[in-house]
Amino acid sequence: AQLVESGGGLAQAGDSLRLVCTDSRRTLSDSHCVVGWFRQDPGKAREFVASINWRDDSTDYADSVKGRFTISRDNTENTVYLQMNSLKPEDTAVYSCAVDYAGYGGRNFEIYDFWGQGTQVTVSS
């Protein structure tokens, strides 16, 4: 996979942003992979945000974003979206998408095989 993220930027608390993760090599479609979003703020550990199973569309969310963020996918476009609503300053981080082709997914970033470069999200109060 070659993952490219976009959609980050500056936002105010309460705003919305939509992050996009596209596999330019188009390896996600019709696979059994899991795609996850993670975030990392300088000086902090990488944090799981959300994941989606390509096979059955099952999703998982970190408690900190549940009810505010929604992960979805487009099989034709080999793309995963992260819709982020009601943003908070503590959501500020570099957001990266990653793929686990074995299909296990989960919240442990070490399981994932390929990563994008990341996109910065900055939320001001």
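None of these values were measured; they are calculated from a predicted model.

Enquirer: How would you summarise the side chain of Thr92 if you had to cite specific residues and measurements?
Expert: Within the fold, Thr92 resides in the loop between strand E8 (79-84) and strand E9 (93-100). Not counting residues within four places of it along the chain, the set of residues in contact with Thr92 comprises Asp41, Gln120, Val121, Thr122 and Val123.

Enquirer: Can you break down the state of the cysteines residue by residue, with the values?
Expert: Tallied over the entire structure, the rule returns one disulfide. Between the sulfur of Cys21 and that of Cys97 lies a disulfide, 2.1 Å long from S to S. Torsion about the S-S bond of the Cys21 and Cys97 cystine: about 75°, corresponding to right-handed handedness. With Cys21 in strand E3 (residues 17-23) and Cys97 in strand E9, this pair connects stretches of sequence that are 76 residues apart. On the basis of relative accessibility, which here comes to 0%, the residue Cys97 falls in the buried class.

Enquirer: If you had to explain the pairing of strand E11 (residues 119-124) to someone new, which residues and values would you point to?
Expert: Side-chain positions along a regular strand alternate between the two faces of the sheet. Of the two faces of E11, only the one carrying Thr119, Val121 and Val123 is buried; Gln120, Thr122 and Ser124 on the other face are not. Pairing of strand E2 (residues 9-12) with E11, which is carried by four bridges, proceeds in the parallel orientation. Bridge assignment links Gln12 to a residue of E11, and that residue is Ser124. Bridge count for E9 against E11 is three bridges, and the pairing is antiparallel.

What counts as what
Residues numbered from 1 in each chain as written. Predicted model: local features only at pLDDT ≥ 70, side-chain atom pairs only at ≥ 80, totals over all residues. Heavy atoms only, no water. Helix = DSSP H or I, 4+ residues; strand = E, 2+ residues; numbered from the N terminus. Contact = heavy atoms within 4.5 Å. Disulfide = S-S within 2.5 Å. Buried < 20%, exposed > 50% of the residue type's maximum accessible area, 1.4 Å probe, protein only. Pairing = 2+ DSSP bridges.

Note that all results are geometric; they support no functional claim without further evidence.
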